[in-house]
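Residue-level structure breakdown
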Amino acid sequence: MQKPSLPRGTRDFGPEQMSRRLFLLETIRQTFRRFGFQPLETPALENLSVLMGKYGEEGDQLLFKILNSGEYTNGLNEADWQAGPRKLTLKISEKGLRYDLTVPFARFVVMNRHALTMPFKRYQIQPVWRADRPQKGRYREFMQCDADVVGTDSLLCEAEIVLMLHESLRHLGIQDFTVKINNRKILTGIAEVVGAEGQEGPLAVAIDKLDKIGREKVIEELRQRGFSEGSIDRLEPMFRFPEDTPAAFQQLRSWLATSETGLKGVAELAEVWQLVEQYGLTDARMQLDVTLARGLSYYTGAIFEVKANGVQIGSISGGGRYDNLTGAFGMPGLSGVGISLGVDRIYDVMEELGLFPETGLQSTRVLVVHLEEAARKAGLPLLTRLRENNIPAEAYPDTAKVKKQLDYANAKRIPFVVLIGSEELETGLLTLKNMVSGTQEKLSAEEILRKVTAVAD
RNA sequence: GAGAAUGUAGCUCAGUCGGUUAGAGCGCCAGAUUGUGGUUCUGGAGGUCGCGGGUUCGAGACCCGUCUUUCUCCCCA
């Protein structure tokens with residue numbers, strides 16, 4: 001006999017977890033639907049040629065790769081064995097598990113470009129896999145909820161993403177969150193005005209840690225990354241950014257006055273703010289954060305990230321605009337913007353904050369209990385009647401002691417039990433027992449139906 | 001990839017300085033109660049002390065390896 005086990009970073013979801021997850025998934029799905037997004041599913045497996053090279057150097061390492069079927073070592077020569085694991089992998093594996101939903105979506109768009117009505121809005125809720133080390137809030141299999149629009153560069157889409165984030169999280173009961181927004185063009189502009197043109201990548205990586213490690217350490221890291229003292233001096237405005245959004249915009253405009261790209265980024269962001277206001281979003285939790293960079297290299301415009309406040313966990317959502325994602329698949333110039341919500345982290349946040357409603361845990365509403373073999377048949381038509389009326393109902397399948405059957409009802413938090421024994425068979429009236437109050441009464445099937453329907457959940 | 005902790009009954013955890021037959025609570029099963037649960041009482045079952053090796057007269061405890069879970073860095077949802 002062997003002990004059963006689970007691959008690290010993966011989990012089972014029992015009935016009570018699933019009812020919460022379904023609530024979460026459904027809330028997000030309905031929000032996406034309300035904004036006009038249509039569903040899409042793609043295979044768990046993709047060809048590695050589709051996945052490789054889309055997530056940076058480290059991303060390739062984090063892909064789960066699938067060994068080819070059959071005699072996968074056939075055709076390998078000595079040179080292949082000597083070439084090292086990375087090159088050998090490509091010889092023996094041609095498929096991998098999807099790493100996110102954006103790249104498969106880009107592949108889908110390119111393959112179906114003639115059939116799609118542009119702008120194309122799709123939502124996609126499926127698991128993704130990453131081969132990194134599990135930690136708090138980090139799993140190797142987790143669910144993403146993506147919504148993307150491709151085929152337009154209108155900033156209205158950015159504004160709607162902000163709205164959808166607010167709507168989904170508030171429907172879930174998460175009130176204290178921050179939607180951090182930046183723009184890749186602003187990062188480019190900053191690199192330009194400090195005299196480190198094209199270095200926004202390393203710049204962003206260092207500056208991103210500002211709130212974690214502090215100003216001195218950031219400057220130290222910038223030096224190590226080869227930034228000149230002059231550049232670091234000109235970075236000064238970065239370290240004293242106003243909390244107030246209009247003031248922040250004002251400071252950015254004067255700081256980036258000499259960078260055309262930078263100013264364009266500022267103007268784009270300002271328009272997003274304006275649009276969100278025109279939509280009438282109340283109590284917006286948006287924050288301009290010029291240190292926000294995100295790892296994925298394909299963002300070209302807006303960058304989003306959502307933090308749940310008061311919980312020690314990574315971001316629960318991320319996204320942004322990409323102007324050339326489909327370019328890698330031979331379809332350049334298609335602009336898109338999207339957002340991804342991490343269900344597993346949102347679940348952890350809600351659990352930690354105690355935001356899950358108590359209701360919804362009970363599955364069955366009525367349990368039919370028979371006290372002797374002959375009584376069982378009297379309960380079956382009742383079950384059918386209950387189910388026809390959309391009331392979840394079940395019979396205890398075995399003839400067992402009443403105690404055992406009632407224990408079963410308690411364990412499943414079933415609120416009503418119908419008892420059928422010889423007495424009920426004679427009179428035709430069935431005993432309805434309320435498991436919460438303990439009261440019971442003899443009723444006809446018709447009355448039972450009315451009674452269990454009438455009582456509110 | 002680097003560093004640190006962790007693992008004992010189905011669950012949560014005790015287990016002293018290395019010493020006889022490894023414990024508790026909860027849960028489970030049975031009975032008190034042959035047609036009534038959630039309260040109470042009584043009894044019972046349940047263990048390869050993660051796994052493998054080592055030290056020792058003797059290891060749940062000490063040492064090495066390995067796996068799991070968790071945390072920090074990195075990166076991400």
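Residues numbered from 1 in each chain as written. Chains lettered and ligands numbered in written order. Predicted model: local features only at pLDDT ≥ 70, side-chain atom pairs only at ≥ 80, totals over all residues. Heavy atoms only, no water.

Some words on the overall build of chain A
Put simply, the test is: Only runs of H or I of at least four residues qualify as helices and only runs of E of at least two qualify as strands under DSSP, and these elements are numbered from the N terminus. Only C-alpha atoms enter the radius of gyration; for comparison, a globular chain is expected to reach 2.2 Å times N to the power 0.38, where N is the number of residues. Relative accessible area decides the class of each residue, using a 1.4 Å probe on protein chains only: under 20% of the type maximum gives buried, over 50% gives exposed, and in between gives partly exposed. By definition, residues are in contact when any of their heavy atoms lie within 4.5 Å. Note on areas: Shrake-Rupley, 1.4 Å probe, and residue coverage restricted to the protein chains presented here. Here the positive residues are Lys and Arg and the negative ones are Asp and Glu; neither His nor the chain ends is included. To locate a charge, the coordinates of NZ of Lys, CZ of Arg, CG of Asp or CD of Glu are taken.
In terms of helices and strands, chain A carries 19 helices and 16 strands. The C-alpha atoms of chain A give a radius of gyration of 29 Å, which is well past the 23 Å a tight globule of 457 residues would have. The dimensions of chain A, computed from C-alpha atoms along their principal axes, are 95 × 65 × 50 Å. Here chain A holds 457 residues, and the buried ones make up 47% of them. Looking at chain A alone, contacts between residues at least 24 apart form 68% of all its contacts between residues at least 6 apart. Approximately 23400 Å² of chain A is accessible, and the part contributed by carbon and sulfur atoms is 50%. The averaged location of the 61 negative side-chain charges in chain A is 3 Å from the averaged location of its 57 positive side-chain charges.

Structural notes on the sheet that holds strand β16 (residues 440–443)
Spelled out, the test is: Here the rule is simple: two strands pair whenever DSSP picks up at least two bridges between them. For helices, the axis comes from a line fit to the C-alpha atoms of the stretch in contact; other axes are also lines fit to C-alpha atoms, and the angle between any two N-to-C directions lies between 0 and 180 degrees.
In space, the five strands of this open sheet follow the order β13-β12-β14-β15-β16, with mixed pairing throughout. Whereas interior strands pair on both sides, the edge strands pair on one side only; in this sheet they are β13 (393–395) and β16. The average undirected angle you get between the axes of adjacent strands in this sheet is 25°. Where strand β15 (residues 430–434) and β16 come together, four bridges link them in antiparallel fashion. Counted as the bridge partner of Thr 431 is Lys 442 from β16. Contacting β12 (366–370), β13, β14 (416–420) and β15, helix α16 (residues 376–388) crosses the sheet at an angle of about 165° to β13.

A closer look at the domain arrangement of chain A
We count it as follows: An automatic or database domain assignment is the source of the domain bounds shown.
For chain A, the assigned domains are domain 1 (15–47 + 97–353) and domain 2 (362–456). Domain 1 and domain 2 are separated by 52 Å when their C-alpha centres are compared.

Focus: the packing of helix α13 (residues 245–255) against helix α14 (residues 260–279)
Which entries qualify depends on this criterion: Small angles under 35 degrees read as roughly parallel and large ones over 145 as roughly antiparallel, with 65 to 115 read as roughly perpendicular and the rest as oblique. For any pair of crossing helices, the crossing counts as left-handed if the nearer helix is rotated counterclockwise from the farther one by less than a right angle, and right-handed if it is rotated clockwise.
Two elements in contact, α13 and α14, have axes separated by 10 Å at closest approach and are oriented at 160°. Taken as axis vectors, α13 and α14 run roughly antiparallel relative to one another. The two elements α13 and α14 meet at a crossing, and its hand is left-handed. Here α13 contributes Thr 245, Phe 249, Leu 252 and Arg 253 to the contact with α14, which in turn contributes Leu 263, Val 266, Leu 269, Ala 270 and Trp 273.

Quick word on helix α11 (residues 215–224)
Here is the rule we go by: As used here, the arc is the angular range of directions from the helix axis to the C-beta atoms.
Residues of α11 that are buried: Val 218, Ile 219, Glu 221 and Leu 222. Buried positions in α11, seen along its axis, are confined to an arc of 160° and lie on one side of it. The outward face of α11, more than 90 degrees from its buried face, is lined by the exposed residues Glu 216 and Gln 224. Summarising the contacts, the buried residues of α11 are in contact with α9 (200–207), α10 (210–213) and α12 (229–234). Looking one or two residues beyond α11, the residue adopting positive phi is Gly 226, at roughly 90°.

Focus: the pattern of salt bridges
As a reminder of what qualifies: Every case where a carboxyl oxygen of Asp or Glu lies within 4 Å of a side-chain nitrogen of Lys or Arg is listed as a salt bridge.
This model, assessed by the stated rule, comprises 23 salt bridges. A salt bridge links Lys 121 to Glu 160, with the nearest nitrogen and oxygen atoms 3.8 Å apart. Here Lys 121 is found in strand β5 (residues 120–129), whereas its partner Glu 160 is found in helix α7 (residues 155–171), with 39 residues between them in sequence. Taking relative accessible area as the criterion, Glu 160 reaches 18% and is therefore assigned buried. Linked through salt bridges whose partners overlap, the residues forming this network are Arg 11, Arg 21 and Asp 344.

Topic: the sheet that holds strand β1 (residues 38–39)
Read from one edge to the other, the open sheet built from eight strands follows the order β1-β5-β6-β11-β10-β9-β7-β8, with strand pairing classed as mixed. Only two strands of the sheet have a single partner each, and these edge strands are β1 and β8 (286–288). Against the sheet, helix α1 (residues 15–34) touches β5, β6 (141–150) and β11 (336–342), its axis set at about 5° to β6. Along the sheet face, helix α8 (residues 184–193) touches β7 (177–183) and β9 (302–308) and points at about 55° away from the line of β7.

Examining α1
To keep things clear, this is the line we draw: The length a helix should cover is 1.5 Å for every residue beyond the first.
The end-to-end C-alpha distance of α1, which contains 20 residues, comes to 28 Å, matching closely the 28 Å that a straight helix rising 1.5 Å per residue would cover. By the burial criterion, the buried members of α1 are Arg 21, Leu 24, Leu 25, Thr 27, Ile 28, Thr 31 and Phe 32. Considered in projection along α1, the buried side chains sweep an arc of 155° and stay on one side of the axis. Residues of α1 that are exposed and point over 90 degrees away from its buried face: Pro 15 and Arg 34.

Focus on the packing of aromatic side chains
The following threshold applies: Paired rings are identified among Phe, Tyr and Trp, the last through its six-membered ring, by centres lying within 6.5 Å, and are further divided according to the angle between planes into stacked (under 30 degrees), edge-to-face (over 60) and tilted (the rest).
In the structure shown here, the tally under the stated rule is eight aromatic pairs. Their ring planes at 50° and their centres at 6.4 Å tell us that Phe 32 and Phe 37 sit as a pair that is tilted. Arranged with centres 5.5 Å apart and planes meeting at 90°, the rings of Phe 249 and Trp 273 form a pair that is edge-to-face. One end of the pair, Phe 249, is in helix α13; the other, Trp 273, is in helix α14, with 24 residues separating them in the sequence. Residues Phe 249 and Trp 273 agree in their burial class; the two are buried.

A short note on the packing of α7 against α14
Helix packing for two helices is described by the angle between their axes and how far apart those axes are. Closest axis-to-axis distance for the α7/α14 pair is 9 Å, and the angle between their directions is 55°. One element, α7, and the other, α14, form an angle in the oblique class. Every pair of crossing elements has a handedness; the one defined by α7 and α14 is right-handed. Contact with α7, carried on its side by Leu 155, Leu 156, Glu 158, Ala 159, Glu 160, Val 162 and Leu 163, involves Glu 268, Glu 271, Val 272, Leu 275, Val 276 and Tyr 279 of α14 and no other residues of that element.

A closer look at the pairing of β9
Summarising burial for β9: six of the seven residues are buried, a large majority. In this structure, β7 lies alongside β9, joined through seven bridges in antiparallel fashion. Of the residues in β9, the one forming a bridge with Thr 178 is Lys 307.

A short note on the nonpolar core
Definition in use: Among buried residues, the Ala, Val, Leu, Ile, Met, Phe, Trp, Tyr and Cys ones that are joined through side-chain atoms within 4.5 Å form a nonpolar core.
Among the nonpolar cores identified, the biggest contains 73 residues, and Leu 24, Ile 28, Phe 32, Ile 190, Leu 235, Trp 255 and Ile 346 are the most heavily contacted of them. The element contributing the most residues to this core is α7, with nine residues. Apart from the residues within four sequence positions on either side, Ile 346 is in contact with Leu 24, Ile 28, Leu 169, Leu 172, Ile 174, Ile 316 and Leu 341. Membership of the second largest hydrophobic core comes to 20 residues, among which are Val 109, Leu 116, Tyr 298 and Leu 334.

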